[in-house]
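Below are the chains, spelled out letter by letter.
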Amino acid sequence: MRLALLNTRAHNIFRPWFYRFSLGQRWASIHAPALLRRLPQRWLHHGALRPYRRLGCFDERLEDEYLGWMDTPRGRQTFVDFFTNYHVPEVPGLAAGLGRVGCPTAIIWGDRDRYIPFSTARELAERIPGATLTQLTGGDHYIMEERPDEVTAALLELLARPCAVSPAAGIKRYPR
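Cut-offs and rules
- Residues numbered from 1 in each chain as written.
- Predicted model: local features only at pLDDT ≥ 70, side-chain atom pairs only at ≥ 80, totals over all residues.
- Heavy atoms only, no water.
- Helix = DSSP H or I, 4+ residues; strand = E, 2+ residues; numbered from the N terminus.
- Buried < 20%, exposed > 50% of the residue type's maximum accessible area, 1.4 Å probe, protein only.
- Contact = heavy atoms within 4.5 Å.
- Core = buried A, V, L, I, M, F, W, Y, C linked by side-chain atoms within 4.5 Å.
- Salt bridge = Lys/Arg side-chain N within 4 Å of Asp/Glu carboxyl O.
- Patch = residues over 30% accessible without salt bridge, like charges linked within 9 Å, V, L, I, M, F, W, Y side chains within 5 Å.
- Areas by Shrake-Rupley, 256 points an atom, 1.4 Å probe, with all protein chains shown as cover.
- Polar contact = N/O pair within 3.5 Å; in protein donor to acceptor, adjacent residues only side chain to side chain.

Trainee: I would appreciate a short explanation of the overall build of the protein in the present structure.
Mentor: Counting its secondary structure elements, the protein contains 10 helices and three strands. Written out in order from the N terminus, the α and β elements of the protein read β-α-α-α-α-α-α-α-β-α-β-α-α. Burial statistics for the protein: of 176 residues in total, 32% are counted as buried. In the protein, once contacts between residues fewer than 6 apart in sequence are set aside, the share between residues at least 24 apart is 75%.

Trainee: Sorry if this is basic, but what is going on with the nonpolar core here?
Mentor: In summary, soluble globular proteins display a tendency toward joint burial of nonpolar side chains. Among the nonpolar cores identified, the biggest contains 24 residues, and Y52, I107, W109 and I128 are the most heavily contacted of them. Elements that contribute at least two residues to this core include exactly α6 (73-84), β2 (105-110) and α8 (118-127). In terms of residues, this core owes the most to one element, α8, which gives four residues. Core analysis: the second largest hydrophobic core is formed by seven residues, I108, I143, A154 and L158 among them.

Trainee: Just to check I follow, could you spell out the pattern of salt bridges for this structure?
Mentor: Where side chains of opposite charge bring their charged atoms close, a pairing between them can arise. For the structure on display, the rule yields seven salt bridges. Note that E123 and R127 form a salt bridge whose closest N and O atoms lie 3.1 Å from each other. With E123 and R127 both in helix α8, this residue pair falls four residues apart, about one helical turn. Residue R127 is classed as partly exposed on the basis of its relative accessible area, which comes to 32%.

Trainee: When you look at a nonpolar patch on the surface in this model, what are you seeing that I'm missing?
Mentor: A cluster of nonpolar side chains, namely L35, L39, W43 and L44, defines an oily patch on the protein surface of about 420 Å² accessible area. Within the fold, W43 resides in helix α3 (residues 41-48).

Trainee: Just checking my understanding: could you explain the side chain of E63 for this structure?
Mentor: Relative to the elements of secondary structure, E63 occurs in helix α5 (residues 60-67). Given the relative accessible area of 6%, E63 is considered buried. Side chain to side chain, E63 and H46 meet in a polar contact 2.3 Å long.

Next comes the structure, spelled out in C-alpha cells:
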C-alpha cells in the first residue's frame, strides 16, 4: 500500500566500492576459503564501522549483535559462503517499472551515504510518480540508526498519505 526506500539500490546495476570489494572477497572465498575462515572477520568489520560508531549508529551492545556471529567457526563459514555466492544480477524491466509505482512512496536518504550516493535518491524520486524525497543533510548509510527521529517523522508522513487503492484491492487470493 505504501513504499519507503532508505539508502537502497535495486533498479539498476550499481557497483560502488563495496561491490568491487565484494568481488575481491568472492575471489578469496572461492580460492582461499581456509584463509578467509581464519581471518579475524569481526575485528576487520569493527574497524570498518568506526565512522558509524562516531556517528552514534552503533554502541557496543548493538555492534556485538551485528558482528558477534563472526566470532564462531560457523559464522566465519557463513561469511565465506555469502561471498562465494554473492552476485548482483541485473533485473530486466525493474528500472522501467519505476514509472508504474502507484502507491505513496517516500525516499529517505542521508546525503553523505558512503555506499550509495544521494544522486540515486534523486533519480528514484524523479522516476517514481508522486514520490517524496527527504534529504537528511549530513546523514550517512545507516540512516535509521543515525537519525531515528527524522526517519520516523518521514515514515509517519508517508503513512498519513492516502492510498489510491483500498487495502483489500491489493491482495490476491488463490484458492487451495
